[in-house]
Amino acid sequence: MTQDNLNGQLRIAVVIGSVRKPRLADPLAAWLERELTAIDWLDLDMIDLATVSLPMHELQPGGAAASPVAGRLADADGFVFLTPEYNHSFPAPVKNAIDWHFTEWAYKPVAFVGYGASGGIRAVEQLRMVFPELRATTVRESVLLPMAWEHLDTDGRFVPPPGTAQALHAMMNELRTWARALRFLRLTDLAGRR
């Protein structure tokens, strides 16, 4: 791999974890897309779990090859999970999506944007325990959005409170550092990927 490949654009997949209707995820995802599209090193892929069929009864050990988003996840250099906190944890569709896949996560960084009454902190902290089992690395920086519903304007657009954009860009800079570092590690095929 050349130095240009190591330092070039990175494909980052944003995984939208709520499948509820209606949902607060929509204005938050729109805000994320606006912010991330403006980052020049980033090739953005928005994956909305509400539009992806991953039936629990078809879940197979080690991930399912028939997943409709497996290729998109495999192509990603890193991930941002937009996750709500439900009952002090992350929602079932997020865990289902994680479990449907295996090698797609290996040796890639994962960052989190959490939301809920306490900013999704418990959902984020629990996800930090899940991803190392899949050989993924979670980044230290995260974005927590407490009471995000109080920051919607009259048109329903999310208006981030002061410091939120700075926190997002700090998180993305860390994600970029890890994504570039782990690109080389993925070439060694330590997870038996083909």
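Residues numbered from 1 in each chain as written. Predicted model: local features only at pLDDT ≥ 70, side-chain atom pairs only at ≥ 80, totals over all residues. Heavy atoms only, no water.

### Observations concerning the nonpolar core
The tendency in soluble globular proteins is for nonpolar side chains to be buried side by side. What counts here: What makes a nonpolar core is a set of buried Ala, Val, Leu, Ile, Met, Phe, Trp, Tyr and Cys residues whose side-chain atoms join them at distances within 4.5 Å. Per-residue accessibility, obtained with a 1.4 Å probe over protein chains only, is compared with the maximum for each type, and a residue is labelled buried under 20%, exposed over 50%, and partly exposed between these values. We count a stretch as a helix when DSSP gives it H or I for four or more residues in a row; a strand needs E for two or more, and each element gets its number in order from the N terminus. Residue contacts are counted whenever heavy atoms from the two residues lie within 4.5 Å of one another.
Of all hydrophobic cores here, the largest spans 30 residues; its most connected members are Val-80, Val-113, Leu-145, Leu-168, Met-171 and Met-172. For this core, the elements supplying multiple residues, two or more each, are β1 (10-16), α2 (25-37), β2 (42-48), β3 (78-84), β4 (109-116), β6 (143-146) and α6 (164-187). Per-element accounting of this core gives the leading share, six residues, to α2. In this view, Val-113 contacts Leu-32, Val-80, Phe-81, Leu-82, Thr-83, Val-143, Leu-145, Leu-168 and Met-171; residues no more than four positions away in its chain are not counted. Listed in part, the 26 residues of the second largest apolar core include Phe-90, Trp-100, Val-124 and Ala-136.

### Considering the packing of aromatic side chains
The line we're drawing: Only Phe, Tyr and Trp rings take part, Trp by its six-membered ring, and two of them pair if their centres are within 6.5 Å. Stacked means planes under 30 degrees apart, edge-to-face means over 60, and tilted covers everything else. Each ring is checked for a lysine NZ or an arginine CZ that lies within 6 Å of its centre and within 35 degrees of its normal; such an atom marks a charge sitting over the ring.
Tallied over the full model, the rule gives seven aromatic pairs. Look at Trp-105 and Phe-131: their rings are 5.6 Å apart centre to centre, the planes differ by 80 degrees, and that puts the pair in the edge-to-face class. Of this pair, Trp-105 sits in the loop between α4 (92-100) and β4 while Phe-131 sits in the loop between α5 (121-130) and β5 (137-138), and the two are 26 residues apart along the sequence. Taken together, the ring pairs in this structure connect Phe-79, Phe-81, Trp-105, Phe-112 and Phe-131 into an aromatic cluster. One cation-aromatic arrangement involves Arg-20 over Tyr-86; the distance from NZ or CZ to the ring centre is 3.6 Å.

### Quick notes on the packing of α2 against α6
Applied cut-off: To obtain an axis, a line is fitted to C-alpha atoms, over the contacting stretch when the element is a helix, and the angle between two such axes runs from 0 to 180 degrees between their N-to-C directions. Any angle that falls under 35 degrees is termed roughly parallel, while one over 145 is termed roughly antiparallel, one within 65 to 115 roughly perpendicular, and all others oblique. Crossing handedness follows the turn of the near helix against the far one: under a right angle anticlockwise gives a left-handed crossing, and clockwise gives a right-handed one. Residues are grouped as follows: Ala, Val, Leu, Ile, Met, Phe, Trp, Tyr, Cys and Pro are nonpolar; Asp, Glu, Lys and Arg are charged; every other residue, Gly included, is polar.
Put simply, α2 and α6 touch, their axes get as near as 11 Å, and they point 60 degrees apart. Viewed along their axes, α2 and α6 adopt a mutual orientation that is oblique. Where α2 crosses over α6, the handedness of that crossing is right-handed. Every residue of α6 that contacts α2 at Trp-31, Leu-32, Glu-35 and Leu-36 is listed here: Thr-164, Ala-165, Leu-168, His-169 and Met-172. Residues belonging to the contact of α2 with α6 are distributed by class as follows: six nonpolar, two polar and one charged.

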